[in-house]
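Listed here are the chains, written in short residue letters.
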Amino acid sequence: MASSLSALLNWRPSTPFYYGWLVLGLSGAGAFSATVVAGVVLGGIQILVSEDTGWPRSWIGYSASCGVLMSGVFAPFAGRLADRYGPRWLMPVGLIAAGLCMTGLAAVNAVWQFFALAVIARAISQPFLIGVVPRTMAVNFFNRRRNVALAFTGIYRPISGAMIVPLFAVITLMSDWRVAFRIFGLFSLILVIPMVVIMRRRPEDIGLLPDGARASPAAERGRPQEPRGAPAEASWTSKEAMRSKAFWMVSIVAFLNVSGSSGLGFSLVPYLHEFAGLTTIQATGVLSISTFLALSSLVWGQVAGRLTPRWCIVGAMGVSALATLALLQVNSLLAAYAFGVFWGLFHSALEVLLYMVLADYFGRNSYGAIAGAMRPFEASGLALGQIVGPVVYDLTGNYTILILFSAAVQGIAMFIMLLARRPQQRPAVAVEAA
């Protein structure tokens, strides 16, 4: 009985291509599920929920912000679990939590119930299905193509958000928003089965090496053996990484980047409508094109392999800061779309580039714990950014200070990134890639 169960758990589908691409693709389905309770979707559907229930929209916004903060609190623990157990069991846990919470959202009768379930769903699903766990999986399964794999994990959320909001609206028009949550919840629970069957912690667990190289016969028989000719790779523990100045500088850059970009993105549509003379539909189109251009992360993944992620971040932040200042001069639809294109091409990839820096500097052995330790900086920046815009507008009646704030923090982050060079690794911990 035990041997049969072991054989069942060890079975995996054979693929004509490297197995890492299969687990990477399936992680995209998990990110799609988690994005249903992400801030970008809750912001897009808040009118549908509020008009049907009479609940204040602010409470839906509070649930998004609090969910982000709680995901930041939970991310360091998720990172350590990712290093130890991998995505095979953690991603199903995230799907079950998201699925049950979405099913619960379909049945709530009070706004506090909506708030509680949305926060729980986001706190668990974000690190397990969008952030730390899938990125750790990408770093473990890929070495030479690591930046491209991380770029894929970075585009799943914006692309999912662009798909979910209109799909949610269509389901709501045909029935109501509760049915939409119920359908997405059922999808999440069904996805648990292929996630358990297909996901693995590392390629070595199935007789492979990163990027698809075959393990030696000795390794396939269970005896560990290092591959010949493998490039040297950093191998830091989380404690060693957090003692380095580079980790803290990169984390500060992450905080500044997210606080500046989220503040601008959260208030972009009202700014373009009220101060640039665009209609709401036109302003929404500018935001949509900049979000869609998150696909440029795939190109940045290739460029980072040649220029290093650090220099890509410096260049992208410089262009983003200039584009932000140029927003003050936008007064036509053509100029607004030019801003949206530049912003989307150069700024949307910064988040995933920062995680490429972590992999480049500290290696994969404790990547989950290291990436999880950086997540609270991102979550804090996101929460701050979403508050700055409305507060500035309430105090001044315009968004000029917000735009200057966003450009300034990007400039400061660019300067800090210039100083955040690769840390000097101690000879005692220098090892070759497994």
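To be clear, the structure that these remarks concern was listed above.
To start, this report covers the structure provided alongside it.

Generally, phi is negative for residues other than glycine and the peptide bonds are trans, each holding for most cases. The phi angle at Asp 211 is positive, at roughly 75°, despite the residue not being glycine. If you trace the backbone, Asp 211 turns up in the loop between α9 (177–198) and α10 (217–220). Within the chain, Thr 308 stands out as a residue other than glycine whose phi angle is a positive 80°. Overall, the relative accessible area of 33% leaves Thr 308 in the partly exposed class.

Across the interface, helix α2 (residues 19–35) lies against helix α7 (residues 132–141) with an axial gap of 10 Å and an inter-helix angle of 170°. Here α7 runs roughly antiparallel to α2, going by the angle between their axes. In contact with Tyr 19, Gly 20, Val 23, Leu 24 and Ser 27 of α2, α7 contributes Pro 134, Met 137, Ala 138 and Phe 141. Tallied by class, residues from the contact of α2 with α7 come to 7 nonpolar, 2 polar and no charged.

Inspection of the secondary structure assignment puts Trp 21 in helix α2. Each C-alpha atom, one on Trp 21 and one on Ser 259, is 33 Å from the other, the two residues being 238 residues apart in sequence. Apart from the residues within four sequence positions on either side, Trp 21 is in contact with Phe 142, Arg 145 and Phe 152.

A few words on the pattern of salt bridges. What the rule picks out here adds up to 6 salt bridges. The shortest N-O distance in the salt bridge between Asp 205 and Arg 201 comes to 3.9 Å. By relative accessible area, which is 45% here, Asp 205 ends up partly exposed. Of the charged contacts, one joins Arg 422 and Asp 360 as a salt bridge, the two residues approaching to 3.1 Å between their closest N and O atoms.

Relative to the assigned elements, Arg 375 resides in helix α18 (residues 367–396). Taking relative accessible area as the criterion, Arg 375 reaches 5% and is therefore assigned buried. Among all residues touching Arg 375, those that are not within four sequence positions of it are Val 68, Ser 71, Gly 72, Ala 75, Arg 122, Gln 126 and Tyr 355.

Parameters at a glance
- Residues numbered from 1 in each chain as written.
- Predicted model: local features only at pLDDT ≥ 70, side-chain atom pairs only at ≥ 80, totals over all residues.
- Heavy atoms only, no water.
- Helix = DSSP H or I, 4+ residues; strand = E, 2+ residues; numbered from the N terminus.
- Buried < 20%, exposed > 50% of the residue type's maximum accessible area, 1.4 Å probe, protein only.
- Axes fitted to C-alpha atoms, helices over the stretch in contact; angles between N-to-C directions.
- Parallel < 35°, antiparallel > 145°, perpendicular 65-115°, else oblique.
- Contact = heavy atoms within 4.5 Å.
- Nonpolar A, V, L, I, M, F, W, Y, C, P; charged D, E, K, R; others polar.
- Salt bridge = Lys/Arg side-chain N within 4 Å of Asp/Glu carboxyl O.

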